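Listed below, chain by chain, are the residues.
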Amino acid sequence: MKQTLLLLLVLFVCGISSHAQTKINGIYYNLNNNSRTATVTYQYDTRYDDGRNTAKNTQEYSGDIVIPKTVEYNGREYTVTGIAEYAFYGNENLNSITIPKTVTTIGDYAMSWCAGLTAIIVDPDNNNYCSEDGVLFTEDMTTLVQYPENKQDVSYVIPNGVEVLGPDAFQGCNNLASITIPEGINNIRDYVFQDCQKLTSVTLPSTLTNIEQLAFNKCYNLKEITFLSSNPPTIKNDSFNQ
């Protein structure tokens with residue numbers, strides 16, 4: 001009986017700690033005491049917990065966020081190695097995010113729907129990610145992770161060598177009027193260009209074979225789509241939903 005009660009207590013405590021965050025110098029972290037590592041996250045608010053991560057984010061980050069290489073808490077030093085999914089999601093008052101060389105993982109949607117975000121800056125010594133003109137890529141430049149929503153350019157040519165566009169990579173980028181997608185990309189996943197309301201033209205490569213649902217959802221002014229192939233890609237019925 002005692003062992004059962006002890007097990008239930010341990011499970012209860014673990015359940016509570018799974019959503020525990022530690023705020024250090026204005027940034028929330030999940031701290032791993034075993035590996036002495038820290039992951040940037042958001043403040044979890046149980047008042048808005050409806051089972052969706054976006055509802056748990058209190059969205060209080062603003063200004064220029066500089067993530068440090070290490071943090072200290074209760075006399076222990078932790079290396080910052082990750083940015084959790086949804087970490088900065090929906091924080092409309094963010095201007096820029098600076099990522100240190102120690103970060104090895106960035107979760108999906110970590111910087112999506114940040115309406116004020118103009119630049120993502122990565123330490124040049126980071127071996128996993130890099131930035132070019134404020135745009136976030138994996139270090140080998142094969143995946144475009146995030147284009148800042150408030151970047152002021154009206155046209156953008158995705159660099160040659162990029163093969164994957166990350167989840168929500170261009171979502172809400174309302175300054176863009178023209179996008180050129182390079183050879184090598186064969187799929188545009190759902191929601192990638194959603195809500196790019198000033199987008200008027202897109203150039204699609206000959207390697208493109210598939211456009212997922214809602215990829216260009218709410219691109220109300222998109223009038224010109226150029227295919228660089230005689231064989232257009234497979235297009236879902238609502239890929240260009242208005």
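Reading the values: rules and limits
Residues numbered from 1 in each chain as written. Predicted model: local features only at pLDDT ≥ 70, side-chain atom pairs only at ≥ 80, totals over all residues. Heavy atoms only, no water. Helix = DSSP H or I, 4+ residues; strand = E, 2+ residues; numbered from the N terminus. Buried < 20%, exposed > 50% of the residue type's maximum accessible area, 1.4 Å probe, protein only. Salt bridge = Lys/Arg side-chain N within 4 Å of Asp/Glu carboxyl O. pLDDT = per-residue confidence, 0-100. Contact = heavy atoms within 4.5 Å. Polar contact = N/O pair within 3.5 Å; in protein donor to acceptor, adjacent residues only side chain to side chain.

Draft legend 1. Structural detail: unusual backbone geometry. At Tyr 191, a position not held by glycine, the phi torsion is positive, near 70°. Locating Tyr 191 in the fold gives a position in the loop between strand 16 (187-188) and strand 17 (201-204). Since its relative accessible area comes to 29%, Tyr 191 is described here as partly exposed.

Draft legend 2. Quick look at the pattern of salt bridges. Applying the stated criterion across every chain, the model contains four salt bridges. When the shortest N-O distance is used, the salt bridge between Glu 60 and Lys 23 registers 3.2 Å. Of the two residues, Glu 60 is situated in the loop between helix 2 (53-56) and strand 4 (62-66) and Lys 23 in strand 1 (residues 22-24); the sequence distance between them amounts to 37 residues. Several salt bridges converge on common partners, so that one network encompasses Asp 133, Lys 151 and Asp 153.

Draft legend 3. The confidence of the model for the protein chain, seen in detail. When the pLDDT values of the protein chain are averaged, the result is 89; 86% of them are 70 or greater. Of the regions scoring below 50 in pLDDT, residues 4-19 engages in two contacts with residues more than four places distant in sequence or in other chains.

Draft legend 4. Geometry of the side chain of Asn 126. Mapped onto the elements of the fold, Asn 126 is located in the loop between strand 9 (119-122) and strand 10 (129-132). Asn 126 sits in the buried class, given a relative accessible area of 3%. Reaching out from Asn 126, the side chain makes a polar contact with the backbone oxygen of Pro 100 at a distance of 2.8 Å. At a separation of 3.5 Å, a polar atom in the side chain of Asn 126 contacts the main-chain carbonyl oxygen of Lys 101. Apart from the residues within four sequence positions on either side, Asn 126 is in contact with Ile 99, Pro 100, Lys 101, Thr 102, Val 103 and Glu 139.

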